[in-house]
Amino acid sequence: MKIEIIGAGPAGLYFALLAKKHDRSHRITVHEQNPEGATYGWGVVFSDIGLSFLKEADPDFFQAFIAHHERCDYMEIVHRGTHVQVHGNHFSRTSRIDMLRVLQQACEREGVRIEYGRRVEDARALAADCDLLVAADGGNSAVRTQMAEQFRPRFVRRRNKFAWYGTHQRFHPVSLIFRETAHGVFIAHSYQYGPELSTFLVEVDPDTWRRAGLDSASEEESRRFCAEVFRPELGGNELLTNRSLWFEANIVSNERWSHGNIVLLGDALRTVHFSLGSGTRMAMQDAIALHRGVAAHPQDLPAALQAFESARRDASSSFQQSASRSLDWYENVGERMHLDPLPFAYDYMRRTGKVSHEDLRQRDPHFTRACEALQPAA
């Protein structure tokens, strides 16, 4: 089978790797518009559940994939300067550039061809010259834009503002920091992903953003301002920039997942908000499901694509619903800032409706008992 893949992100590269290892007769080319080694962002996070899917799909590659990950088994919710730990939450973190490098090298060892600096201007023309075209070109997918009538995408823009930063301050646990200021509430999502670096994502509602003057601030002015807001946690370390511009979350879904021999994958198919830390996991699970569909129906592409969609549509919808509830919680966090640190952390842990009290009890009985002790006697 001749397979063309647009986008050398985790979805496209992982599908290429799995497909080639399963059938070495496949001729697979990955087209990436950016130069080799160019990537934006800092680190990525996997839960232990997310990693279990990767281990099952390819145990050998899994060992190389996690070799340099930073790991922890708890998270912290910081409210009013109090650090509330919640254990039983296992996270594995790595830099985005290292993750892509490991995937790239594995693909090239298997004979996958990767063309960097190659922008595909006409997806239909490329599709006409192959058996399968995989559009894994991200949340701003050009293929999806070119074929909007076929895929029928839907976009929901959320209200909060975000800016991605890095820092040399090492946040060993995944840390959520909530800070009240004279302008309003600022939130930081932070975690260590390498020996010397942490991701530090700043979130703020649009009214607070404007009151703080960030609507007219430069990238450098915004960096300095946010560093001072979170100075107690950053200590003597500063925030680092890498195209750290303010943006809003744009949640993408598609009515149709494929058209002819063209299929959407990863963020081109559906975005999951980073407050759940599941976007990369979802992209790689998509790759696994597409590979399994193709492997099960090597001579019947419509059946392969239907198998992929059947395997993933319910999970996709479920994650997006959870992400929407998580976003609602963050966008309305001002209504909860009056809570003391422990009840605040409990409310945070149950924000999606997917985590029950019993789930929390099994993860961290000490945390749950402390929350129960605060409840008034019946």
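Here the structure is shown first, and the text comes after it.
Quick look at the structure, then.

Cut-offs and rules
Residues numbered from 1 in each chain as written. Predicted model: local features only at pLDDT ≥ 70, side-chain atom pairs only at ≥ 80, totals over all residues. Heavy atoms only, no water. Phe/Tyr/Trp six-rings, centres within 6.5 Å; stacked < 30°, edge-to-face > 60°. Helix = DSSP H or I, 4+ residues; strand = E, 2+ residues; numbered from the N terminus. Buried < 20%, exposed > 50% of the residue type's maximum accessible area, 1.4 Å probe, protein only. Disulfide = S-S within 2.5 Å. Salt bridge = Lys/Arg side-chain N within 4 Å of Asp/Glu carboxyl O. Axes fitted to C-alpha atoms, helices over the stretch in contact; angles between N-to-C directions. Parallel < 35°, antiparallel > 145°, perpendicular 65-115°, else oblique. Left-handed = near helix turned anticlockwise from the far one by under 90°. Contact = heavy atoms within 4.5 Å. Nonpolar A, V, L, I, M, F, W, Y, C, P; charged D, E, K, R; others polar. Pairing = 2+ DSSP bridges.

Focus on the packing of aromatic side chains
Logical step 1: Applying the stated criterion to the full structure yields 16 aromatic pairs.
Logical step 2: On the basis of an interplanar angle of 45 degrees and a centroid distance of 5.7 Å, the ring pair of Phe-171 and Phe-200 is categorised as tilted. With a gap of 29 residues between them, Phe-171 in the loop between strand 8 (153–167) and strand 9 (174–180) and Phe-200 in strand 11 (residues 198–204) connect regions that are remote in the sequence. The pair Phe-171 / Phe-200 is uniform in exposure class, with both members buried.
Logical step 3: Ring geometry for Phe-186 versus Phe-225: centroids 5.7 Å apart, planes at 45 degrees, classification tilted. Here Phe-186, found in strand 10 (residues 185–192), pairs with Phe-225, found in helix 9 (residues 219–229); they are 39 residues apart in sequence, far enough to count as distant.

Observations concerning the state of the cysteines
Each disulfide consists of a covalent bond between the sulfur atoms of two cysteine residues.
Logical step 1: On inspection of all chains with the given rule, the structure shows 0 disulfides.
Logical step 2: No disulfide involves Cys-72; its sulfur sits 19 Å from the nearest other cysteine sulfur, which is in Cys-371.

Considerations on the pattern of salt bridges
Logical step 1: All told, the structure shown has 28 salt bridges when counted by the stated rule.
Logical step 2: For the salt bridge of Glu-115 with Arg-113, the shortest nitrogen-to-oxygen distance reads 2.7 Å.
Logical step 3: For Arg-113, a relative accessible area of 52% puts it in the exposed group.
Logical step 4: Residue Asp-286 is joined to Arg-270 by a salt bridge in which the shortest nitrogen-to-oxygen separation is 2.8 Å. One end of the pair, Asp-286, is in helix 11 (residues 279–296); the other, Arg-270, is in the loop between strand 15 (262–264) and helix 11, with 16 residues separating them in the sequence. Judged on exposure class, the residue Asp-286 and its partner Arg-270 are both buried.

So, the packing of helix 1 (residues 10–22) against helix 11
Logical step 1: Two numbers describe how helix 1 lies on helix 11: the axes approach to 8 Å, and their chain directions differ by 30 degrees. One finds that helix 1 runs roughly parallel with respect to helix 11. In this structure, the crossing between helix 1 and helix 11 has a hand that is right-handed. The segment helix 1 lies against helix 11, with Pro-10, Ala-11, Tyr-14, Phe-15, Leu-18, Ala-19 and His-22 engaging Thr-280, Ala-283, Met-284, Ala-287, Ile-288, Leu-290, His-291, Val-294 and Ala-295.
Logical step 2: Across the contact of helix 1 with helix 11, the residue classes break down as 13 nonpolar, 3 polar and no charged.

Details of the sheet that holds strand 15
Logical step 1: Strands sit in the order 6-2-1-7-15-14 across an open sheet of 6 strands; the sheet is mixed. Only two strands of the sheet have a single partner each, and these edge strands are strand 6 (113–116) and strand 14 (258–259).
Logical step 2: Across the face of the sheet, helix 1 comes into contact with strand 1 (2–6), strand 2 (27–32), strand 6 and strand 7 (132–135) while running at roughly 170 degrees to strand 2.

In short, the description is geometric, and any link to function would need to be established separately.
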